[in-house]
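A structural walkthrough
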Amino acid sequence: MRTSVGILLLTLASLASPCYAQFTYAGINVPGAVSTLARGISYGGEVAGFYKTTACTDKDVKVPNCQVKGFKFVNGSYTTLMVPGSVSTAIMGVNDNGDLVGFYSKSQTGCSAPVHHGFIWYHTSVVKTIDAAGTDTCSSIYVTVPFGINKAGTVVGGIWSMSSTGVFANGGWV
């Protein structure tokens, strides 16, 4: 009886010992960037995110409030991505189809500062704007920020306020 209890305790002790996964780290640094943030990876290994070419002070690294450019990294090659007509594009997520989500800033007539818009950039190269009500005006401090997209094309994100004092979450959406 003691032997079987001893074997049981040894078996339990070996199962309880920490098992650590082995990881390999590889840098993601867009050439010419002063800062690169990878925001998502697809099952096939496509990495997407955004980068800065000049130093600036973000109030919140999760949602940049300075000019950035989007990128995807596939099979060892970087591709820069800017929503057409935008002055800034931040890619926040990618799905297994290669569809991208994020937000962009664009100059608009009558506005003193660029206006922010959410987007889906389909793998077919079609870009669709996503704006929650009231977030797409010159005077709005609120921004529609898509953070993720699944393989079925369902997008999740948040409504963020961007002001001189910082970036703050104001709710989520699907």
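Attention here is on the structure that accompanies the text. (Residues numbered from 1 in each chain as written. Predicted model: local features only at pLDDT ≥ 70, side-chain atom pairs only at ≥ 80, totals over all residues. Heavy atoms only, no water.)

**Observations regarding the overall build of the protein chain**
Check the secondary structure of the protein chain and you find one helix and eleven strands. Each of the 174 residues in the protein chain was classed as buried or not, and the buried ones make up 37%. Counting only contacts in the protein chain whose residues sit at least 6 apart along the sequence, the fraction spanning at least 24 positions is 34%. (Helix = DSSP H or I, 4+ residues; strand = E, 2+ residues; numbered from the N terminus. Buried < 20%, exposed > 50% of the residue type's maximum accessible area, 1.4 Å probe, protein only. Contact = heavy atoms within 4.5 Å.)

**So, the sheet that holds strand S4 (residues 77-81)**
Spatially, the four strands line up as an open sheet ordered S1-S2-S3-S4, and their pairing is antiparallel. The open sheet terminates on both sides in strands that have one partner only, identified here as strand S1 (35-41) and S4. Within this sheet the neighbouring strands show an average axis-to-axis angle of 30°, counted without direction. (Pairing = 2+ DSSP bridges. Axes fitted to C-alpha atoms, helices over the stretch in contact; angles between N-to-C directions.)

**Details of the nonpolar core**
Among the nonpolar cores identified, the biggest contains ten residues, and these are Leu37, Phe50, Val68, Ala90, Met92, Phe103, Val143, Val145, Trp160 and Met162. Of all the secondary-structure elements, those providing two or more residues to this core are strand S5 (88-94), strand S9 (142-149) and strand S10 (155-163). When neighbours within four sequence positions are excluded, Val68 is seen to be in contact with Phe50, Tyr51, Lys52, Met82, Ser88, Thr89 and Ala90. In this structure, Leu81, Val94, Tyr104 and Trp121 belong to the second largest nonpolar core, which totals nine residues. (Core = buried A, V, L, I, M, F, W, Y, C linked by side-chain atoms within 4.5 Å.)

**Overview of the packing of aromatic side chains**
The full count for this structure, using the stated rule, is six aromatic pairs. One aromatic cluster is present, formed by Tyr51, Phe71, Phe73 and Tyr78 through successive ring pairs. (Phe/Tyr/Trp six-rings, centres within 6.5 Å; stacked < 30°, edge-to-face > 60°.)

**Here we look at the sheet that holds S5**
Taken together, the four strands give an open sheet; going across it, the order is S5-S6-S7-S8, and neighbouring strands pair in antiparallel fashion. Among the strands making up the open sheet, the edge pair consists of S5 and strand S8 (127-130). Strand-to-strand twist across the sheet, computed as the mean angle between neighbouring axes with direction ignored, equals 30°. Of the strand pairs in this sheet, strand S7 (residues 115-121) and S8 are connected by four bridges, and their pairing is antiparallel. Across the sheet, Phe119 pairs through a bridge with Thr129, a residue of S8.

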